[in-house]
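Structure at a glance
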Amino acid sequence: MKRIAIFPGSFDPFTKGHENIVQRAIPLFDEIVIGLGVNNKKQYMFDTESRIKHIQSLFPNQNVVVEAYTGLTVDFCKEKKAGYLLRGLRNTNDFEFEKAIGQMNKDLNGIETVFLITDKEFGAVSSTIIREIKINGGDVSQFVTNLNFLIINK
Ligand code: ADP
């Protein structure tokens, strides 16, 4: 059985913190599907296609694929025949939130969630804060690799 993991998130944008989690998970799985969750009721700062191309640019030759999905993450796991979810933990807030979701996903579908604790240098990196900086004209290039791939939604 191939060990396939889904790394789900909004990735608006995909940060060096996300990148670090995926790099460290590559040796653990046969394939990682980075699932860009799209909720049609939600406004994203960065264009979806550009977010996909951006993430693809970071993982060119490895067993990492990027796909957008709508609906429940567990249904996307079934579609991809993935037995694992991958999530990153920065702090106790992440932990409490992820614990509840992880336990419910296990009950719903028997999917195991694998958590990696963020490396020290990425603990403060957050997509929300990056958007805030960007809106106010700040430079976010130290937090996002290949920033030039990203297009802001009009
Ligand atoms: P969501 O919309 O599901 O919160 P995000 O795009 O914010 O998605 O994050 C996806 C995953 O990456 C989550 O597991 C989140 O905890 C993790 N993550 C976000 N930022 C970091 C970081 N700096 N270091 C490690 N993990 C992170």
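Residues numbered from 1 in each chain as written. Predicted model: local features only at pLDDT ≥ 70, side-chain atom pairs only at ≥ 80, totals over all residues. Heavy atoms only, no water.

A closer look at the environment of Thr 70
Among the structural elements, Thr 70 can be located in the loop between strand 3 (64–69) and helix 3 (73–80). Residues Thr 70 and Asp 119, spaced 49 residues apart in sequence, show a C-alpha to C-alpha distance of 30 Å. (Helix = DSSP H or I, 4+ residues; strand = E, 2+ residues; numbered from the N terminus.)

A look at the side chain of Asp 94
Mapping Asp 94 onto the fold places it in helix 4 (residues 92–109). Beyond its immediate stretch of four places on either side in the chain, Asp 94 contacts Gly 88 and Leu 89. (Contact = heavy atoms within 4.5 Å.)

Quick word on the environment of Ala 100
Looking at the element boundaries, Ala 100 is found in helix 4. When the C-alpha positions of Ala 100 and Phe 59 are compared, they lie 30 Å apart, and in sequence the two are 41 residues distant.

Details of the nonpolar core
Core analysis: the biggest nonpolar cluster contains 21 residues, and Phe 7, Phe 14, Val 22, Ile 32, Ile 34, Ile 55 and Phe 59 have the highest contact counts within it. Mapped onto this core, the elements with two or more residues apiece are strand 1 (4–9), helix 1 (16–25), strand 2 (31–37), helix 2 (48–58) and strand 3. Excluding residues within four positions of it along the chain, Ile 55 makes contact with Phe 11, Phe 14, Ile 34, Leu 36 and Val 66. Counting residues in hydrophobic clusters, the runner-up holds ten residues, among them Tyr 69, Val 74, Cys 77 and Ala 82. (Core = buried A, V, L, I, M, F, W, Y, C linked by side-chain atoms within 4.5 Å. Buried < 20%, exposed > 50% of the residue type's maximum accessible area, 1.4 Å probe, protein only.)

Notes on the site of the ligand
With respect to spatial proximity, 16 residues lie near the ligand, and among them Ser 10, Phe 11, Gly 88, Phe 122 and Val 125 are the closest. In this structure, Arg 87 approaches the ligand through a side-chain N or O atom, which is 3.1 Å from an oxygen atom. In the model, a nitrogen atom of the ligand is placed 3.0 Å from a nitrogen or oxygen of the Thr 118 side chain. When the ligand is considered free in solution it has 560 Å² of accessible area, and contact with the protein chains removes 85% of it. When each cavity is represented as a set of grid points, the ligand is found to reside in the largest pocket. For the shell around the ligand, the elements supplying multiple residues, two or more each, are strand 1, helix 1, strand 4 (84–89) and helix 4. Partitioning the shell around the ligand into residue classes produces six nonpolar, six polar and four charged. (Near = heavy atom within 4 Å. Polar contact = N/O pair within 3.5 Å; in protein donor to acceptor, adjacent residues only side chain to side chain. Areas by Shrake-Rupley, 256 points an atom, 1.4 Å probe, with all protein chains shown as cover. 1 Å grid on protein atoms, 1.4 Å probe; cavity = no way out; pocket = protein on both sides within 12 Å on 5 of 7 lines; lining within 4 Å. Sits in = over half its atoms within 2 Å of the grid points. Nonpolar A, V, L, I, M, F, W, Y, C, P; charged D, E, K, R; others polar.)

A few points about the pattern of salt bridges
For the coordinates displayed, the defined rule picks out ten salt bridges. A salt bridge links Arg 3 to Asp 30; the nearest nitrogen and oxygen atoms lie 3.6 Å apart. Linking Arg 3 in the segment before strand 1 with Asp 30 in the loop between helix 1 and strand 2, this pair joins segments that are 27 residues apart in sequence. A relative accessible area of 37% means that Arg 3 is categorised as partly exposed. Here Asp 30 falls in the partly exposed class, since its relative accessible area comes to 29%. The partner of Asp 12 in a salt bridge is Arg 131, with the nearest N and O atoms 4.0 Å apart. (Salt bridge = Lys/Arg side-chain N within 4 Å of Asp/Glu carboxyl O.)

Here's the deal with the pairing of strand 2
With respect to burial, strand 2 is a largely interior element, six of its seven residues being buried. Here strand 1 pairs with strand 2 via six bridges, running parallel. Note that in strand 2 the partner of Ala 5 across the bridge is Ile 32. A crossover connection joins strand 1 to the parallel strand 2 through helix 1; in handedness this β-α-β unit is right-handed. Bridge count for strand 2 against strand 3 is six bridges, and the pairing is parallel. Paired with Gly 35 across the strands is Glu 67, a residue of strand 3. (Pairing = 2+ DSSP bridges. Right-handed = clockwise from strand over helix to strand, strands pointing away.)

Any functional reading would require information that these geometric values do not contain.
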